[in-house]
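Chain residues, written in single-letter form:
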Amino acid sequence: MEKIDIRSFDLKELSEFICGLSQPKFRAKQIFKWLQSGIEDFSQMTNIPNDLRQVLSEKCYIANVKIVKKFVSKIDGTVKYVYELFDGEYIESVLMKYEHGYTVCISTQVGCRMGCSFCASGLDGLLRNLTASEMLAQITKAQTDNNIRVSNVVMMGMGEPLDNFENSVKFLRLVSCDEGLNIGLRHISLSTSGVVSGIEKLANYNFPITLSISLHAPNDTIRNTMMRVNKKWNVETLLNACRQYQKVTSRRISFEYALIEGVNDSFQCADELAKRLKGIMCHVNLIPANPVKENSFKKPNHDKIMRFKERLIYNGINATVRRTLGADIDASCGQLRRKAKEVLTYDNSL
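Peer 1: Before we move on, can you summarise helix α9 (residues 267–277) with the specific residues and values?
Peer 2: For α9, the complete set of buried residues consists of Cys269, Ala270, Leu273, Ala274 and Leu277. The buried residues of α9 occupy an angular sector of 135° when the element is viewed end-on, so they sit on one face. In this structure, α9 carries Gln268 and Lys275 as exposed residues pointing more than 90 degrees from its buried face. Those residues of α9 hidden inside the fold are in contact with α7 (220–226), α8 (235–249), β12 (253–259), β13 (282–288) and α10 (302–314).

Printed below as a string of structure tokens:
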């Protein structure tokens with residue numbers, strides 16, 4: 001009998017399951033709190049009767065992640081984790097400390113099929129989706145390993161969250177649940193490479209999250225060379241979806257823009273980008289391109305980055321330059337990758 005992923009149950013689903021075992025309903029809330037706390041075994045549920053713990057262990061499993069590598073930045077204290085999953089696959093996650101608290105950058109897939117040329121996460125393609133419980137486990141493991149409480153989450157690690165739509169939505173509901181980790185949705189950012197069908201579906205949920213669009217280019221000519229997804233949903237189609245999303249949610253959208261020397265860093269690009277974004281309530285997050293050994297992309301010098309930012313501001317677009325964290329441990333944007341011994345085959349067609 002295949003065991004049940006009990007940690008992916010929301011409280012209602014768990015209550016139904018527990019009542020189906022002829023147990024009182026209040027046990028569900030007790031068990032839910034234990035599952036959200038990051039325990040790894042049913043024996044740790046000390047206020048649950050032994051016979052019920054035994055039944056749960058026979059019927060269910062608790063999804064978790066195992067730390068196999070841990071890198072701590074000597075520059076800023078950022079921590080990068082390499083986690084092993086139950087099936088022997090690997091993902092990476094990053095814990096960052098800011099003045100306002102701790103932020104975890106979580107992965108949503110094992111690998112990625114988006115094929116962005118500047119990102120290491122998709123070099124081996126997509127192996128599988130992560131469950132909502134495996135996303136949660138990245139947060140609870142970082143918390144217990146550092147004895148801290150995470151206050152912010154960015155779904156910007158390995159994978160495309162909107163390519164794993166149902167599990168990503170379930171994760172958002174679980175992580176924000178009052179009886180669980182209780183991380184407010186306003187403290188969560190979801191980053192997408194531009195999966196328009198997912199953006200359209202996400203709008204229907206009207207979650208008060210921050211939607212971050214990995215745009216990285218002002219036009220199709222440049223974006224086609226950087227992001228394969230643009231050949232299915234081009235810049236105009238993507239921005240129209242953003243306008244519609246904003247119309248439904250009234251939420252400001254963040255546009256991620258990785259500055260690459262000689263590719264998308266000219267004043268002409270800045271002017272065109274500003275023109276494209278006119279009328280969208282937004283913020284542009286400029287990211288100096290991070291080095292990946294598999295490509296030759298380089299970041300512009302500091303002066304050019306600042307001039308690009310100032311050009312956007314001059315054109316009426318709010319823009320900032322993202323602070324680089326974990327640079328000495330390859331923990332920055334676009335640098336996370338799957339640490340596997342073998343490359344498995346998967347259908348990576350869009």
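Read on for the rest.
Peer 1: Residue-level account of the pairing of strand β5 (residues 90–98), with values.
Peer 2: Buried residues dominate β5, accounting for seven of its nine residues. Both strand β4 (residues 79–84) and β5 contribute to a ladder of six bridges, which runs antiparallel. Within β5, the residue paired with glutamate 84 across the bridge is tyrosine 90. Where β4 hands over to β5, the hairpin turn is made up of five residues, of which glycine 88 adopts a positive phi near 85°. Sheet topology note: the β5/strand β6 (residues 101–105) ladder contains five bridges and is antiparallel.

Peer 1: Explain the state of the cysteines to me, using residue names and the numbers behind them.
Peer 2: Throughout the structure, instances matching the rule amount to zero disulfides. Between cysteine 177, a cysteine without a disulfide, and cysteine 19, which holds the nearest cysteine sulfur, the sulfur-to-sulfur distance is 16 Å.

Peer 1: Pulling in residues and values, what's your account of the packing of α9 against α10?
Peer 2: Contact geometry of α9 with α10 gives a least axis separation of 9 Å together with a crossing angle of 30°. Along this stretch, α9 crosses α10, giving a crossing that reads as right-handed. Counting all contacts with α9, which are made through Phe267, Cys269, Ala270, Asp271, Leu273 and Ala274, the residues of α10 involved are Arg307, Phe308, Arg311 and Leu312. Residue composition of the contact of α9 with α10, grouped by class: seven nonpolar, no polar and three charged.

The rules behind the values
Residues numbered from 1 in each chain as written. Predicted model: local features only at pLDDT ≥ 70, side-chain atom pairs only at ≥ 80, totals over all residues. Heavy atoms only, no water. Buried < 20%, exposed > 50% of the residue type's maximum accessible area, 1.4 Å probe, protein only. Helix = DSSP H or I, 4+ residues; strand = E, 2+ residues; numbered from the N terminus. Arc of directions from axis to C-beta. Contact = heavy atoms within 4.5 Å. Pairing = 2+ DSSP bridges. Disulfide = S-S within 2.5 Å. Axes fitted to C-alpha atoms, helices over the stretch in contact; angles between N-to-C directions. Left-handed = near helix turned anticlockwise from the far one by under 90°. Nonpolar A, V, L, I, M, F, W, Y, C, P; charged D, E, K, R; others polar.

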